[in-house]
Amino acid sequence: MENQKTILDRRIEVLIWILGIIFIALSARLWQISVLQGEIFKEKSEANRIRIIELRAPRGIIYDRNGEILAEDVPQFQIVFRPGSLGLEEAVSKLEALFKGRIAINPKQRSTNEWILCDNLSLEEVIRFEEARQELPGLSVETIPMRFYPHGEYVFHVVGYVGKVTLQEVEKGDYNIQDFSGKGGVELFYDKLLRGEKGFKKLEVDAKGRVLRVLENQPPHFRNSIALTLDLPFQKFCMNLLKDKKGVIIAGNPRTGAIFSLASSPAFDPNQLSKGMSQEEWEALSRDQSFPLTNRATQALYPPGSVFKLLVALAAAEEMPDLDEKTFFCPGYFEHNDWKYPCWKRGGHGRISFKEAIAQSCNVVFYQLGLQLGVEKLEEYARLLGFGSPTGIDLPGEIGGFFPNPIWKRRQYGEPWYPGDTINLAIGQGYLMVTPLEIYRMICVLANRGVFCQPHLLDRVIDNQRGEILAFEPFQQKVASFKEETWRKVIDGMRLVVKQGTGKACADLGIDLAAKTGTAQNPHGEDHSWFAGFFPADQPEFAFVVMIEHGGDGSGEAAGTARAMIEWWLKNRGKSHD
Amino acid sequence: MTKRNWLLLVAIALTICGLFAVYSVDPLRDEGFSLASFHGRQTLWAAVGWLLFWLIARRVEVSRFFEWKWALYILMILALVAVLLFGEGDEAGVRRWLFSKSVQPSEFAKLAFSFFLAAYLAEREEEFGYWSLFLKTLFLTGIPAFLIYLEPDLGTALVLVVIWFVGLLLSGFSARRILGIIALLVALFSLSWPFLKDYQKARLLVFINPQRDPLGSGYNVIQSLIAIGAGGFLGKGFLAGSQSQLRFLPAAYTDFIFASWCEQFGFVGGFLIIVLLSIMLYLVFSIARSVPELEGKFAVVFLGSILLFQSTVNIAMNLGWAPVTGIPLPFVSYGGSSLMMSLLSIAFIYRIAARSIESG
C-alpha cells in the first residue's frame, strides 16, 4: 500500500516535470512571437487594417475660345472588389444574382488587390447596389472620372481623346498602369498641362473589408484647364460643310496664328475611344479606308496644284522687276524641247498680264516663269515659306510636306532633273507634296507680308488653384523680307482671282478678298479641289484653306465651300472678331 | 497560507482575467452591460460558478461520487446519447448542446469520467500494470470518447483519452509502454483518415502548413500570430488591438482569446496567464501528492490533467504550435459550460484537499 503510493507520487512528479517543460516551451514561443518577431507582425497587422486607395486624377477642362466645354470629366460609377471574407468568384456570382445578368461582368484587375466587376453603372443601379450592400462585403461603388466630349466628332481631330496609358509611358515613370493619358489632339499635346494630381484615401477596414474609418483623405484635383482658340460654332459649321466628303478646312487669324477652325473629315466620336474599344472594333476602325483617325490637315500629303503658283509668282515678282510692264502669250500650250505642256484652258488665254495670269491661273505663264527662275530659286523661295517642314502647330503627329530637288531625284531615281520637272513643279504638280496646313502657312505669310505667326490652338491656360489665366504668347518671325512691290503685285493678282478669275464664286461677298484656286491632279481619281485666301487683303484678319479630296475643279467645289464658310463668319462674327 | 488557499487565489485571478478578456473583445460591448452581451453572460456564469464553488467546498461529500461511480458513468453515457439524438446543432452541423444550447454535456462528461475512472482504478490496485486493466479501461473510455467524437468534438474526445493515459501512467504502466500505445493509436488514426470530416482534415493539414490556405483554414492561425506579434512586449493597451477589435481574429472570445489578450497586454500579459495557469497546476499536482486515499489522488490528478491538456493545447494553438481543435482556454475563454467545468474542477480539488486534511 505504502509502496504503491510512493510509485504514484513519483508518477505525479513526472506530470510536474511535464508541466515545467510545457511552461518553458510556451513562454519561449510567446517571447519569440511577441518580442523577437514583433516588428514583422506589427507591419502585418497594419497591412491588415489599412487600405490605401488611389484616386484617379481628373483632367482639366478643355474649352473653346468662348468658354464652351469641349472635353471634361464626368463621374462614372463602377463596382470594385477587394478581397475580404468573400472570394472573387463568390462576389461575381452574388453580383450577377443582384443585377440578373443585365450587366456584362468581366472582372478587370485594376491593381494587385482590386478588380472592377461592373462599369458604367446608372444611378438607379448604384442605389440598388447600396441597398444590398450589407450582403456584399468587399464590394463597393466607386466614382471614377471619365472623359466626356459633348461635341464628339466635331472636335475629334483637334481635341483628341484619352485612353489607357501604354507600357512605355509607365516605364518613363509618369504614370501607373491604370492611369489614362491623352492619345491624340491637344489631349496628347498638352497632356502634362491637363493632368491633375492624384489623391488617395487611407481607410481602416475590418476583416470583411468593410470600411470603418477614413484615416486620411487626399482628394484628387486638376491643376489646369485650357481654352483653345477654336470657335466651336464655326468649327461645327465647317465640319458640316465637309459632311460626307473627305477634306479639310483651316481658318484663323493670320496675324496672331490663332486657329478658329481646323476641320478634317471624316472624323470619329472620341467618346467611343475613351470608353475603350474591343480589339475587333479597333481593328475595323484602323482598317477603315476613309481614315477617320487621320487628321488630314496635319498628317496627310497632297499635291497643291495651282495654289502653289502663288509661290512661283512671289519668286518671279521679287526676282524680275519689269514684270508689270510685261505681257505673256498663252496659246493653250507651252512647248519646250519638243514637249508640249498644256494650259488648263484648251483655247489658251491669249495675251495676258502677270496679274491676269494669277487670276486666270494660266499654266503657260507659270511654266515660263518657273523655267526662268530655275528649280534652285524655286526651292529657295519654298524653304523661306516653310515648305517641306512642319509648321509647329500644337498638335501631335504633324508631318512636313515634300519639296523635291535635283540631288534628291538623282539619289531616288538615278536620273537627272529635267526641265520638265521644273515645269511641273511650277504649277504645283509632280513630286511636290504638301499638307493643307503648309498651304495655310504660305497664305498667312503672304497675308502678313513676310511675317510668320505659328498657327496654334492654345489660347490660354487657366490655373485651377490660383485662378490665373496665362495667355498663350504667339510665336512670330519675319521669314521673307521681300520688296513691298512684290507683295502688292501678288496680292493684287489674288484680288483679281476673286473679282474676275477662277475664284468668282466669292466675288459678291462684299469684302476685299484675296485668294487662289487650285486643281490638283492626282493618280487616284478625280482632282483635289483647293481654295485658299485671306481678307481684308490689306489688313488681313482671316485666312483660310479649303481642300476637298476628289472635289474636282478648285473654282467649283472648294471655292463654293469657302464662300459658305466666309458668309457664316461674316454673319456671325462680323469684322470685329479677334 | 495553505496550498488550497493559494489555489483559490489563483483561480480568482484567472477568472478576473477571463472577464476582462471577454469584455475586451465583446462585439456587443458598446450596448452596455446586459445578459444579451457576451461579457454579461460570462459574468453571470462566473457568479453562479463561484457560488457552486462555495457550496462544493463546504458541503459536498466527494466520496459519494466515488461510491456512485457507475451511476455517474451511465448518466454520462445517457446524456451523450441524448445529445446525439435530440441535441441542438449549429450551422456547421455540429451537435453539442442540450436544453436550447444552455448545457454542453461533453464538458461535464470530463468531470464525471474523471471521478468514475479514479474510483474504478482505485478499486483495482492489484491489477496495476496488467494488460487486463488496460483493456477494461480502454473499453470504458472508448464508449464516451466515441460518442463525443460523433458530435463531432474531436478535442473533447481527446481529453477523455488523455485522462485515460494519465490513469494508465499512474496505475503502473511505464512511460515507454504508454508511448508505444500512443504510437499504435496514431497508426490507427492515420488509417481512419479517409473517414474524417473535410474540415477536420483541413485543420490538421493547415496546422502542418498554415500558408496552405491563408484565406481559409490557415487564416485563423496566421491572424492569431499577427495579433500576438503585434502586441509586442507591453501590448497595444486595453481595448486597443486592431486585430481583435476589427475582427481580423476569428473566434476572438473563444478559441483565440489568448491571442487577443496578448495583442492588448503583450508578452507581459500572455506570460501572466501562462504563469497563473502553471502555478495553479503545480499546486494541483502537489496537492495530489498529499492526498492520502487513492481515488482522491486519482481524481485530483485527472482534473488537473484536463486543465493542463486544455491550457496547453489552446495556448499552443494560439501560438501556431497545435491544430485548431476548438478547445477552450480554462477560466479565460467565453462559454458557460467551459467556465463552470474549470471552476467545478478546482472546487472539487479544493474539497478533496480539505477532506484529506480533515481525515489525515
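One numbering rule holds for all chains: residues counted from 1, following each sequence as written. Chain A is the first chain written and ligand 1 is the first ligand written, with later ones labelled in order. Only residues with pLDDT of at least 70 get local features here, since the model is predicted, and only at 80 or more are side-chain atom pairs given and counted; chain-wide, interface and lining totals rely on the full set of residues. Working from all heavy atoms in the structure, the side-chain values ignore hydrogens and water.

**Side note on the overall build of chain A**
Check the secondary structure of chain A and you find 20 helices and 24 strands. The 578 residues of chain A split such that 54% are buried. Values of accessible area rely on a 1.4 Å probe in the Shrake-Rupley scheme; residue burial ignores everything except the protein chains shown. When the accessible surface of chain A is totalled, it reaches about 25,500 Å², and 52% of it is carbon and sulfur. Helix numbers and strand numbers start at the N terminus; a helix is a DSSP run of H or I with at least 4 residues, a strand a run of E with at least 2. Relative accessibility decides the category of a residue: with a 1.4 Å probe and only protein chains considered, values under 20% of the type maximum give buried, values over 50% give exposed, and everything between is partly exposed.

**A word on the interface of chain A and chain B**
Contact between two residues is taken to exist if any of their heavy atoms lie within 4.5 Å; hydrogens are not considered. Contacts between chain A and chain B engage 34 residues on the former and 50 residues on the latter. We define buried area as the total accessible area lost by two parts upon association, computed with a 1.4 Å probe and summed across both. Across the chain A to chain B interface the summed buried area is about 3,900 Å²; carbon plus sulfur atoms make up 75%. Three residues, R11(A), L26(A) and L30(A), lead the burial of chain A against chain B; their summed loss comes to 16% of the area buried on that side. By definition, a salt bridge exists where a carboxyl oxygen of Asp or Glu is found within 4 Å of a side-chain nitrogen of Lys or Arg. The tally of links between chain A and chain B comes to two salt bridges. In this structure, the salt-bridge partner of R289(B) is E13(A), at a minimum N-O distance of 2.6 Å.

**Describing the nonpolar core**
Residues L228(A), L369(A), F387(A), I439(A), F544(A) and M565(A) are the most contacted members of the largest nonpolar core, which totals 134 residues. Apart from the residues lying within four places of it in its own chain, the contact partners of F544(A) are I250(A), A251(A), Y440(A), I443(A), L513(A), F531(A), A532(A), G533(A), F534(A), A562(A), M565(A) and I566(A). Ranked by size, the runner-up nonpolar core spans 124 residues in total, among them M76(B), F165(B), V332(B) and I349(B). Nonpolar cores were defined as sets of buried Ala, Val, Leu, Ile, Met, Phe, Trp, Tyr and Cys residues, with membership established by side-chain atoms within 4.5 Å.

**Some remarks on unusual backbone geometry**
Of the consecutive residues S265(A) and P266(A), the connecting peptide bond is found in the cis state with omega at 0 degrees. Within the secondary structure, P266(A) sits in the loop between β13 (259-265) and α10 (270-275). If you check the backbone angles, D244(A) has positive phi at about 60 degrees while not being a glycine. With respect to the helices and strands, D244(A) occurs in the loop between α9 (232-241) and β12 (247-252). Judged by its relative accessible area of 79%, D244(A) is exposed. Look at L239(B): it is not a glycine, yet its phi comes out positive at around 65 degrees. Mapped onto the secondary structure, L239(B) falls in the loop between α10 (217-231) and α11 (242-245).

**Examining helix α12 (residues 257-290) of chain B**
Because each turn of an α-helix spans 3.6 residues, side chains separated by three or four positions end up pointing in the same direction. Residue and element names in this part refer to chain B. Helix length check: α12, at 34 residues, gives a terminal C-alpha distance of 34 Å against a target of 50 Å (1.5 Å per residue), a shortfall beyond 12%. The sharpest bend along α12 reaches about 130 degrees and sits at G266. When you tally the buried positions in α12, you get 25 out of 34 residues, the bulk of the element. Each residue after the first adds 1.5 Å to the expected span of a helix. By definition, a residue's bend is the angle between the axes fitted to the seven residues ending there and the seven starting there.

**A look at the confidence of the model for chain B**
Do not read the fine detail of predicted coordinates wherever pLDDT is low. Confidence in the prediction for chain B averages 87 pLDDT; 92% of positions are at 70 or higher. Here the predicted complex carries an ipTM of 0.92, next to a pTM of 0.67. Looking at any residue, its pLDDT shows the predictor's confidence there, from 0 to 100.

**Observations concerning the packing of helix α18 (residues 436-447) of chain A against helix α19 (residues 484-500) of chain A**
Residues and elements named next belong to chain A. For every element, the axis is a line fit to its C-alpha atoms; helices are fit only across the contacting stretch, and the angle between N-to-C directions ranges from 0 to 180 degrees. Two elements in contact, α18 and α19, have axes whose closest approach is 10 Å; the angle formed by their N-to-C orientations is 120 degrees. By the angle between their directions, the pair α18 and α19 is classed as oblique. Every residue of α19 that contacts α18 at I443, V445 and L446 is listed here: W487, V490, I491 and M494. Note that Gly is not counted as nonpolar here; it falls among the polar residues with everything else outside the nonpolar set of Ala, Val, Leu, Ile, Met, Phe, Trp, Tyr, Cys and Pro and the charged set of Asp, Glu, Lys and Arg. Across the contact of α18 with α19, the residue classes tally to seven nonpolar, no polar and no charged. Should an angle fall under 35 degrees it is called roughly parallel, over 145 degrees roughly antiparallel, and 65 to 115 degrees roughly perpendicular, with every other angle called oblique.

**Focus: the pattern of salt bridges**
All names here are of chain A. Taken as a whole, this structure holds 39 salt bridges over all chains when the rule is applied. For E415, the salt bridge is made with K409, and the minimal N-O distance between the two is 3.8 Å. Salt bridges sharing common partners tie together K355, R449, E485, R488, D492, R495, D512 and D538.

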